[in-house]
Amino acid sequence: MNKIIIENSIIESNDKLTESIYLLKVHSPIIASKIKPGQFCNVKVSDTDYPLLRRPFSICDVENHLIVFLYQVVGVGTEILAQKMEGEVLSILGPLGNGFNFDDDFETAIIIGGGIGVAPFPFLIRNITNKKIVSYIGFRNKNEIVDYGLTNCKYATDDGSFGLKGTCIDLFKSENTILNSKTKIFACGPNPMLKSLIEYCSDKNLNCEVSLESAMACGFGICQGCVVESKEDDEYKLVCKDGPVFKFNEIKL
Ligand SMILES: Cc1cc2nc3c(=O)[nH]c(=O)nc-3n(C[C@H](O)[C@H](O)[C@H](O)COP(=O)(O)OP(=O)(O)OC[C@H]3O[C@@H](n4cnc5c(N)ncnc54)[C@H](O)[C@@H]3O)c2cc1C
C-alpha cells in the first residue's frame, strides 16, 4: 500500500484555461517524488470546515517539485479552489489509489478522454516511452476544449463546433484505427462513456484500462463510499483504493 502523506503546498499558479476549467500548480516535493500516472490526491480546498471533505483530483502532470492539477468548476469546492491565488497554501493528501499499468507489451497507446477526463493523461503520456500515442478527446463544444499536455490529438464535440460531431468514443470508432493485441487503450471520463467503451473492448477483445471519477469521501478505503461492482466475484471494489484505474473487464458500470 502507498504511504499516504499530507503536504502543505504553496500554490505556484492557478490559471483559467476556459470558462470552467483551470490549471493549478502546487509545490509538493514529497508527493511529487512518489506519485505515479493515474494516481490522485485529495485536496482540502478551504481553511474552514466548509466544505468538510477534501476533493479528489487526478495528477495531471509532475514538473520537478510541482504537481499539476487540471480541474473543472462544478460546485462549491471547485468554486473555492478557482479563487485561490499564487502563494496561498493548500493541504494535499496523497498519493492515493492505483495508477495505470504502462509497462506491458504494447506498441500503440490510445488515449481517450471525455471532458475533464483528459486530466490524468499528460503525466501518463510523459511516462510512456518509445510507443506510438494517439489521443481522442471529446468536449461539449469548441470553447471547452483543453488539450494541455496531450499528444497527436483528434477532437470531437457534442455540438459539432470542432472536429467530429459526437463523443470521443464515436470519434475513436469512426477512425478505423488499427487495433490489435499490440494496442492498449487508456480512458477516463463519465461512466456512460466508459460503459460504452468497455462493451466495445469486450466485443473486440482489446486491452483497455479505465479510470473512474466516482464521487468519494475519504479517498483511502475507510468510508466505503465509492463502490463499483466487480465482474469477477459479484462483490464490490472501492474506486479510491482498488482503483481509480481498473482493467475494463474487472468492473460492471
Ligand atoms: C479519483 C478521482 C479523480 C478525479 N480527478 C478530477 C480531475 O482531475 N479534475 C476534475 O475536475 N475533477 C476530477 N474529479 C472529480 C472531482 O473530484 C469533483 O468534480 C469534485 O470533487 C467536485 O467538487 P465540488 O465541491 O466542486 O462539487 P460538489 O458541490 O460536491 O458537487 C457539484 C455537483 O457535481 C457532482 N459531483 C461531485 N463529484 C462528482 C464526481 N466525482 N463525479 C460526478 N459528479 C460529481 C455532484 O453530485 C453535484 O451535482 C475526480 C474524481 C475522482 C474520484
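Residues numbered from 1 in each chain as written. Predicted model: local features only at pLDDT ≥ 70, side-chain atom pairs only at ≥ 80, totals over all residues.

## A closer look at the site of the ligand
Near the ligand, the surroundings consist of 21 residues, among which Ser58, Gly75, Gly77, Thr78 and Ala119 are the closest. Mapped onto the shell around the ligand, the elements with two or more residues apiece are strand S4 (55–58), strand S6 (66–72) and helix H2 (76–82). At four residues, the largest contribution of residues to the shell around the ligand is made by S4. For the shell around the ligand, the class distribution of residues is 13 nonpolar, six polar and two charged. (Near = placed C-beta within 6 Å. Helix = DSSP H or I, 4+ residues; strand = E, 2+ residues; numbered from the N terminus. Nonpolar A, V, L, I, M, F, W, Y, C, P; charged D, E, K, R; others polar.)

## As for the domain arrangement of the protein
Taken as a whole, the protein is organised into domain 1 (5–96) and domain 2 (108–252). Taking the mean C-alpha position of each, domain 1 and domain 2 sit 21 Å from one another. Facing the 21 residues of domain 1 at the interface are 21 residues of domain 2. Put simply, the parts of the chain that give the side of domain 1 that touches domain 2 at least two residues each are strand S2 (21–27), strand S3 (40–44), S4, strand S5 (61–63), S6 and strand S7 (89–96). (Domains from an automatic or database assignment. Contact = placed C-beta atoms within 7 Å.)

## Observations concerning the pairing of strand S10 (residues 153–157)
Residues in a regular strand project their side chains so that they alternate between the two faces of the sheet. Bridge count for strand S9 (residues 132–139) against S10 is five bridges, and the pairing is parallel. If you follow Ile137 over to S10, its bridge partner there is Tyr155. Bridging between S10 and strand S11 (residues 164–165) involves two bridges; their strand directions are parallel. Within S11, the residue paired with Ala156 across the bridge is Leu164. (Pairing = 2+ DSSP bridges.)

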